[in-house]
Amino acid sequence: MSETAGTHLLVDCDTGIDDSLALLYAVASSECDLVAVTCTAGNVDARQVAENTRAVLELAGRPDVEVAIGRETPLARALVTTPETHGSRGIGYAELPPATKPLSPRYGPDLIVEEARRRPGELTLVTLGPLTNVALAVLREPELPRLLRGLVIMGGSYRSPGNTAPTTEWNVNVDPESAKIVFEAFGPRQVDSRASTAEPTDSTHPTRPTALGLDVTERARMLPEHLAALAARAGCAPDGTRPDGTVNPIVRYLADALRFYMEFHSRYDGFYGAFIHDPLALATALDPTLVRTEPLTVDVELGGRLTTGETVTDWRRVWGRPPNVDVAVEADSTRFMARFIERVGDLAARR
Ligand code: BDR
Ligand code: CA
């Protein structure tokens, strides 16, 4: 994918604290045309995800963005949520007014297909949660990989430990069957066994998805000083209080949501701060130069005794299969964090 001036973005997410920061970043980015948001079960159940998503978009001043709900359970497994990471409602200690805008009547996977068909080759899909909705969309429309301009995935751990089981990352772990369907569907259409690692020349070959795993997303660390800098940009204290005693609602939201997330990371990851996985993925969908990628062959373990949900990556190309994913191997986290503070700080200043 090349850098774009003006990206039509469709977000699929499981809002979630870092998902909500990604939504704020999307709204704050002038080059982003936020087409719609589809909700999947993950950090919290899908109904709560949809409530959080609409409430955050309303907080950001974008109640007009269509929000649809998709399938409410993973394809083949029971849903497991993570209240210890994101809080029982998914937004940490934050309280938001109930969303006022109704949910879209469209079913999430249908919305993805319909919007991709409406503007072939123009839409970038970014996924911040389990891949359930995208798997269902591609099962319904096998041409989806060729209809999209690009697909950016926050999911997997390619050259690092997992965060859910020793080798698995949360989004893939929740619904590994869907992840496998998506990685296969977005890979090369035909595999010629004699062609070894050569790329297919088929002009209908889709753009390979870009995947950001924990290897790079854990470099995007929000620290208390970042929140303080963002708040200062918005003209208030880190808890959102303005000099006149009123409260900036976006900074107050960030402070309350992130306090929970930072306490979690201080218990499990050894620092008082938070990995902001999803905003980095969303920022990469808008500006691919934030990461360096390598074309690699990735498959998802479904039958492991210890490793189900692992994104098994053929670094030494022993499988001889063509690459199906551009795996992010480096991220410019300094540039990203500066941009996050600037954009979301300016959005907060306007609210
Ligand atoms: C992913 O898991 C979720 O808890 C986060 O929102 C992020 O999408 C990181 O593994
Ligand atoms: Ca997420």
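Structural data are supplied above this passage.
Anyway, here's the lowdown on the structure attached to this text. (Residues numbered from 1 in each chain as written. Chains lettered and ligands numbered in written order. Predicted model: local features only at pLDDT ≥ 70, side-chain atom pairs only at ≥ 80, totals over all residues. Heavy atoms only, no water.)

Some points on helix H4 (residues 108–118)
Thought 1: Taken together, the buried positions of H4 are Gly108, Pro109, Leu111, Ile112, Val113, Glu115 and Ala116.
Thought 2: Check the buried side of H4 and you find it contacts strand E1 (7–13), strand E2 (32–39), strand E3 (66–69), strand E4 (123–127), helix H5 (132–140) and helix H6 (144–147). (Buried < 20%, exposed > 50% of the residue type's maximum accessible area, 1.4 Å probe, protein only. Helix = DSSP H or I, 4+ residues; strand = E, 2+ residues; numbered from the N terminus. Contact = heavy atoms within 4.5 Å.)

Brief notes about the site of ligand 1
Thought 1: In the vicinity of ligand 1 there are 13 residues, among which Asp18, Asn43, Asn163, Glu169 and Asp278 approach most closely.
Thought 2: His86 has a polar side-chain atom sitting 2.9 Å from an oxygen atom of ligand 1.
Thought 3: Backbone polar atom of Leu128 to an oxygen atom of ligand 1: 2.9 Å apart, as the coordinates give it.
Thought 4: The fraction of the free accessible surface of ligand 1 (280 Å²) that becomes covered by protein chains is 96%.
Thought 5: Each residue belonging to the shell around ligand 1 can be placed in one class, and the counts come to 4 nonpolar, 5 polar and 4 charged. (Near = heavy atom within 4 Å. Polar contact = N/O pair within 3.5 Å; in protein donor to acceptor, adjacent residues only side chain to side chain. Areas by Shrake-Rupley, 256 points an atom, 1.4 Å probe, with all protein chains shown as cover. Nonpolar A, V, L, I, M, F, W, Y, C, P; charged D, E, K, R; others polar.)

Focus on the packing of helix H1 (residues 17–28) against helix H2 (residues 46–59)
The angle between the axes and the distance between the axes are what describe a pair of packed helices.
Thought 1: Look at H1 against H2: their axes get within 10 Å of each other, and the N-to-C directions meet at 35 degrees. Here H1 runs over H2; the crossing is right-handed. Touching Ser20, Leu23, Leu24 and Val27 of H1 are Thr53, Val56 and Leu57, all from H2.
Thought 2: Across the contact of H1 with H2, the residue classes break down as 5 nonpolar, 2 polar and no charged. (Axes fitted to C-alpha atoms, helices over the stretch in contact; angles between N-to-C directions. Left-handed = near helix turned anticlockwise from the far one by under 90°.)

This is a description of form; function is not addressed.
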